[in-house]
Amino acid sequence: MKKKGVLFAAISGSALMLLTGCSIPQKDTTKYKVAMITDTGGVNDQAFNQLAWEGLQKFSEESGAEVSYIESKQASDYVTNMDRATDGFNDLIWGTGFAMADPIVTISKLNPDISFALIDNQVPDAPFNVTSVVFRAEEPSFIVGYIAGKTTKTDKVGYVGAVRTDTSMQFEYGYAAGVAYAADELGKEIEIQMQMTESYADAAKAKAVASKMYSSGCDVIFHSAGGAGYGVIEAAKEWDRYVIGVDKDQSYLAPDHVLTSALKKVDVAIGLVSGRVMDGEDLGGETLSYGLKEGCVGIPENNPNLTPEVQQAAMEVMEQIHNGEIIPPKTEEQYQEFLSERGLYDGKQ
């Protein structure tokens, strides 16, 4: 029995030596680490994902945190990539876009010691370690809709979306209400053509949809189609018409044809929330809503393709939204109520 005990101790000691001799990765406790998982638009989508990554990079510069991203090529990558991020000793993991809700719920429950955040969607019954960040996208959408209505010469404008969701409807109905508001001011009817591409990445399809709208008489189109929206911008250049960008100031993509952009300042929001979580604030289970009042939506300061009169009028509308005098709709029901209360014409086609 004694010999067996000695042998067991020797084996245990050898095993310990083997374990301690292995190069098992250890977490660097001096660095706060944040990762983000993109949706299928990719990190260079010229819109949402790119803006989120720019926000994390700025956060890193200001805080010293280490940041990284993992790109998703298809929706089936979301859970896998989220799980990969948990292996990287990250303190906070972001999912970008509405489609990340279910993957975040799945992975966060398996990793209670890691904080997760979803930007641009709300996780229902969120686990204690998940924070949701949403935008009042109907606010900038109303403003650019108003600009489109005040700018059109053909009295026909368009809207190209990607996948129809609760989030995308904020853009759709906010924009339509803004157009209607401008049409009422001008005392005329303005037709609004709308179509979804069913993809955030298919720029060719978005270009075809936009080209059809331009050929039918639309002279201004607002897109909220993520990376696919680049196709709408290309169509605007080919048809020599106007396009309204989304998420970030997209005027650099077509300086002569981008009328303005509906800003969703993902970079600002992702930096704010990352900082709060890094500082130890418990935001788990909460849903944070950001809009004009928080400085997280709006339009660019410089819009060289707008007339001074339209620019000034848009600023006044923005102030009314900020003060609560105008509450842009974000659902079909709210949109119909908005029209009914003001006796406005529904130009949606």
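As the structure is a computational prediction, the values presented were derived from the model and not from experiment.

Asker: Tell me about the overall build of the protein, and name the residues and values.
Answerer: Summing up its helical and strand segments, the protein has 11 helices and 12 strands in all. The dimensions of the protein, computed from C-alpha atoms along their principal axes, are 100 × 40 × 35 Å. Per-residue burial over the protein gives 53% buried out of 349 residues. Put simply, 67% of the contacts in the protein that link residues at least 6 apart link residues at least 24 apart. Counting every atom, the protein has about 15,900 Å² of accessible surface; 51% of that belongs to carbon and sulfur. Computed over 29 positive and 50 negative side-chain charges, the inter-centroid distance for the protein is 7 Å.

Asker: I'd love a proper account of the sheet that holds strand S12 (residues 297–298), names of residues and values included.
Answerer: What the six strands build is an open sheet, ordered S7-S6-S8-S9-S10-S12; its pairing is mixed. Only two strands of the sheet have a single partner each, and these edge strands are strand S7 (191–196) and S12. One ladder, built from six bridges, connects strand S6 (residues 156–161) with S7; its direction is parallel. The partner of Lys-156 across the bridge, within S7, is Glu-191.

Asker: I'd like to hear about the environment of Leu-259, residue by residue, with values.
Answerer: By the secondary structure assignment, Leu-259 is in strand S10 (residues 258–264). Considering only alpha carbons, one finds Leu-259 and Asp-120, 139 residues apart in sequence, at a separation of 25 Å. Setting aside chain neighbours within four positions, we find Leu-259 in contact with Ile-147, Thr-151, Val-220, Tyr-242, Val-243, Ile-244, Asn-303, Asn-305 and Leu-306.

Asker: Could you give me a rundown of the packing of aromatic side chains, with the residues and numbers involved?
Answerer: Evaluated as defined, the whole model comprises 10 aromatic pairs. When the centroid spacing of 5.7 Å and the interplanar angle of 80 degrees are considered together, the rings of Phe-142 and Phe-338 count as edge-to-face. In this pair, Phe-142 sits in helix H5 (residues 138–151) while Phe-338 sits in helix H11 (residues 332–342), placing the two residues 196 residues apart along the sequence. An aromatic cluster of at least three residues, connected via ring pairs, comprises Phe-142, Tyr-146, Tyr-181 and Phe-338.

Asker: Quick rundown of the confidence of the model for the protein? Include the residues and the values.
Answerer: When pLDDT is averaged along the protein, the result is 91; 92% of the residues meet or exceed 70. Confidence over residues 1–25 falls short of pLDDT 50; this stretch has two contacts with residues more than four positions distant or in other chains.

Asker: Any details on the pattern of salt bridges? Residues and values, ideally.
Answerer: Overall, the coordinates contain 14 salt bridges when judged by the stated rule. Across the pair Glu-66 and Lys-33 runs a salt bridge whose closest N-O atoms are separated by 3.8 Å. Remark: Lys-33 occurs in strand S1 (residues 33–37) and Glu-66 occurs in strand S2 (residues 66–70); sequence separation between them is 33 residues. Taking the relative accessible area as the measure of exposure, Glu-66 reaches 37% and is therefore partly exposed. For Lys-33, a relative accessible area of 17% puts it in the buried group. In this structure, Arg-342 and Glu-341 form a salt bridge, with 3.6 Å as the shortest nitrogen-oxygen distance. Among the residues examined, Glu-341 registers a relative accessible area of 63% and is labelled exposed. Linked through salt bridges whose partners overlap, the residues forming this network are Arg-136, Glu-139 and Glu-294.

Asker: Requested: an account of helix H9 (residues 266–278), with residues and values cited.
Answerer: The end-to-end C-alpha separation of H9 is 18 Å, in line with the 18 Å expected for 13 residues at 1.5 Å each. Among the residues of H9, those classed as buried are Val-266, Ala-269, Ile-270, Gly-271, Val-273, Ser-274, Gly-275 and Val-277. On its buried face, H9 sits against helix H2 (48–63), strand S3 (92–96), strand S4 (115–119), strand S5 (130–135), S10 and strand S11 (287–290). Residue Gly-280 follows H9 closely and has a positive phi angle near 95 degrees.

Asker: Which residues make up the side chain of Lys-33, and what values do they have?
Answerer: Among the polar contacts made by the side chain of Lys-33, one reaches the main-chain carbonyl oxygen of Gly-88 at a distance of 2.8 Å. Aside from chain neighbours lying at most four places away, what touches Lys-33 is Glu-66, Gly-88, Phe-89, Asn-90, Asp-91 and Leu-92.

Asker: Can you break down the nonpolar core residue by residue, with the values?
Answerer: Among the nonpolar cores identified, the biggest contains 72 residues, and Leu-56, Trp-94, Ile-119, Tyr-175 and Phe-222 are the most heavily contacted of them. With 11 residues, the top contributor of residues to this core is helix H6 (residues 166–186). If we ignore the near neighbours within four places in the chain, the residues touching Trp-94 are Val-34, Ala-35, Met-36, Ile-37, Leu-56, Ala-117, Leu-118, Ile-119, Val-133, Ile-270, Val-273 and Ser-274. Grouped together as the second largest cluster of nonpolar side chains are 19 residues, Ala-162, Ala-210, Ala-225 and Val-232 included.

Asker: Just give me the short version of the packing of H6 against H11, but keep the residues and values in it.
Answerer: At a minimum axis distance of 10 Å, the contact between H6 and H11 shows a crossing angle of 10 degrees. Relative to H11, H6 is oriented roughly parallel. For the pair formed by H6 and H11, the contact residues are Tyr-173, Ala-176, Ala-177, Ala-180 and Tyr-181 on the first element and Glu-332, Tyr-335, Phe-338, Leu-339 and Arg-342 on the second. In terms of residue class, the contact of H6 with H11 is made up of eight nonpolar, no polar and two charged.

Asker: Please give an account of the sheet that holds S3 that cites residues and values.
Answerer: Backbone-to-backbone hydrogen bonds join strands into a sheet, with any given pair of strands oriented parallel or antiparallel. Strands sit in the order S2-S1-S3-S4-S5-S11 across an open sheet of six strands; the sheet is parallel. Of all strands in the sheet, those with a lone pairing partner are S2 and S11, marking the two edges. Neighbour to neighbour, the strand axes of the sheet diverge by 20 degrees on average, direction disregarded. Here five bridges tie S3 to S4, and the two strands are oriented parallel to one another. Directly across from Ile-93, in S4, lies its bridge partner Phe-116. Contacting S1, S2, S3 and S4, H2 crosses the sheet at an angle of about 160 degrees to S2.

The rules we used
- Residues numbered from 1 in each chain as written.
- Predicted model: local features only at pLDDT ≥ 70, side-chain atom pairs only at ≥ 80, totals over all residues.
- Heavy atoms only, no water.
- Helix = DSSP H or I, 4+ residues; strand = E, 2+ residues; numbered from the N terminus.
- Buried < 20%, exposed > 50% of the residue type's maximum accessible area, 1.4 Å probe, protein only.
- Contact = heavy atoms within 4.5 Å.
- Areas by Shrake-Rupley, 256 points an atom, 1.4 Å probe, with all protein chains shown as cover.
- Lys, Arg positive; Asp, Glu negative; His and termini not counted.
- Charge placed at Lys NZ, Arg CZ, Asp CG, Glu CD.
- Pairing = 2+ DSSP bridges.
- Phe/Tyr/Trp six-rings, centres within 6.5 Å; stacked < 30°, edge-to-face > 60°.
- pLDDT = per-residue confidence, 0-100.
- Salt bridge = Lys/Arg side-chain N within 4 Å of Asp/Glu carboxyl O.
- Expected span 1.5 Å × (residues − 1).
- Polar contact = N/O pair within 3.5 Å; in protein donor to acceptor, adjacent residues only side chain to side chain.
- Core = buried A, V, L, I, M, F, W, Y, C linked by side-chain atoms within 4.5 Å.
- Axes fitted to C-alpha atoms, helices over the stretch in contact; angles between N-to-C directions.
- Parallel < 35°, antiparallel > 145°, perpendicular 65-115°, else oblique.
- Nonpolar A, V, L, I, M, F, W, Y, C, P; charged D, E, K, R; others polar.

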